[in-house]
Amino acid sequence: NHVAVVNDGTRGLSRLFKRLDPVSGRRRGRPATFVVDDAVRSAVGLFEAALADAHIFVEIDIDPALTAHGYVEDFQAAALNILENAIYWISTASSLDRKICISATIHQQTLRVAISNNGPTIDGSYVPRLFQVGSSLKADGTGLGLAIAKEACRASKGDLYYDENQADTTFVIEFPV
């Protein structure tokens, strides 16, 4: 029983350190231009089994020629966290039409990647705390995921925000082009 507790703790710490990696402050070289569609598809691919198990359809609408500038690891850290949360929350809903939609647009010199899901919406009273460390709606949540994702985006001179003006739950990753 003690070994199982230690193993669970070790796995939890391992997940935490992996999440903290994009904001660890270690030297990573210079930011580079990357293909957004490739980065998104790579992130979605990591959840292929979980998406299939939860019967979630992913629709990606991104121009394959679209690029962004920064650290692709920062972009993927944000995308992975948003996708992980979306899969979790969609799985709690009884709806048979489970969907995540990912699209990208350019606004001035900024790339905006919107990741929407049709799971439960976020209560308006909770929105101001979404990116605060220690704030989580998940029973087993650490309250670090969105805070780390936002910091990862900022490390690449981008941002992450929740778009309250959408019908579905929508998070937007912004990166320079």
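One can find the structure itself at the top, above this paragraph.
Residues numbered from 1 in each chain as written. Predicted model: local features only at pLDDT ≥ 70, side-chain atom pairs only at ≥ 80, totals over all residues. Heavy atoms only, no water.

**Details of the nonpolar core**
Now for step 1: In this structure, Phe75, Ile100, Ile102, Val113 and Ile173 are the most contacted members of the largest nonpolar core, which totals 41 residues.
Now for step 2: At the level of elements, helix 2 (36-46), strand 2 (56-61), helix 4 (72-91), strand 4 (98-107), strand 5 (110-117), helix 5 (145-155), strand 6 (159-162) and strand 7 (169-176) are the ones that each hand at least two residues to this core.
Now for step 3: The biggest single contributor to this core is helix 4, with eight residues.
Now for step 4: Those residues in contact with isoleucine 173 that lie beyond four places of it in its chain are Phe75, Ala78, Ala79, Ile82, Leu111, Arg112, Val113, Ile115, Cys153, Asp159 and Leu160. (Core = buried A, V, L, I, M, F, W, Y, C linked by side-chain atoms within 4.5 Å. Buried < 20%, exposed > 50% of the residue type's maximum accessible area, 1.4 Å probe, protein only. Helix = DSSP H or I, 4+ residues; strand = E, 2+ residues; numbered from the N terminus. Contact = heavy atoms within 4.5 Å.)

**As for unusual backbone geometry**
Most peptide bonds take the trans configuration, and most residues that are not glycine carry a negative phi.
Now for step 1: At histidine 55, a position not held by glycine, the phi torsion is positive, near 55°.
Now for step 2: Structurally, histidine 55 is set in the loop between helix 3 (48-53) and strand 2.

**Section: the packing of helix 2 against helix 4**
Angle between the axes and distance between the axes: these two values describe a pair of packed helices.
Now for step 1: Where helix 2 contacts helix 4, the two axes come as close as 9 Å, and the packing angle between them is 45°. Classified by the angle between their axes, helix 2 and helix 4 sit oblique to one another. By crossing handedness, the relation of helix 2 to helix 4 is classed as right-handed. For the pair formed by helix 2 and helix 4, the contact residues are Val36, Ala39, Val40, Ser42, Ala43, Val44 and Leu46 on the first element and Val72, Phe75, Gln76, Ala79, Leu80 and Leu83 on the second.
Now for step 2: When grouped by side-chain class, the residues that make up the contact of helix 2 with helix 4 number eleven nonpolar, two polar and no charged. (Axes fitted to C-alpha atoms, helices over the stretch in contact; angles between N-to-C directions. Parallel < 35°, antiparallel > 145°, perpendicular 65-115°, else oblique. Left-handed = near helix turned anticlockwise from the far one by under 90°. Nonpolar A, V, L, I, M, F, W, Y, C, P; charged D, E, K, R; others polar.)

**Brief notes about the environment of asparagine 118**
Now for step 1: Topologically, asparagine 118 is positioned in the loop between strand 5 and helix 5.
Now for step 2: Asparagine 118 gets classed as partly exposed once you look at its relative accessible area, which sits at 23%.
Now for step 3: The spacing of asparagine 118 and aspartate 168 is 50 residues in sequence and 5.2 Å in space, taken between C-alpha atoms.
Now for step 4: Not counting chain neighbours up to four residues away, the residues in contact with asparagine 118 comprise Ile90, Asp97, Arg98, Lys99 and Asp168.

**A look at the packing of aromatic side chains**
Now for step 1: Evaluation of the coordinates by the stated rule reveals six aromatic pairs.
Now for step 2: Pairing phenylalanine 131 with phenylalanine 171 gives two aromatic rings, centres 6.2 Å apart and planes at 85°, and the pair type is edge-to-face. Of this pair, phenylalanine 131 sits in the loop between strand 5 and helix 5 while phenylalanine 171 sits in strand 7, and the two are 40 residues apart along the sequence.
Now for step 3: Positioned over the ring face of phenylalanine 131 is lysine 150, at 4.6 Å from the centre of the ring. (Phe/Tyr/Trp six-rings, centres within 6.5 Å; stacked < 30°, edge-to-face > 60°. Lys NZ or Arg CZ within 6 Å of the ring centre and 35° of its normal.)

Limitation: the analysis is restricted to geometry and does not speak to function.
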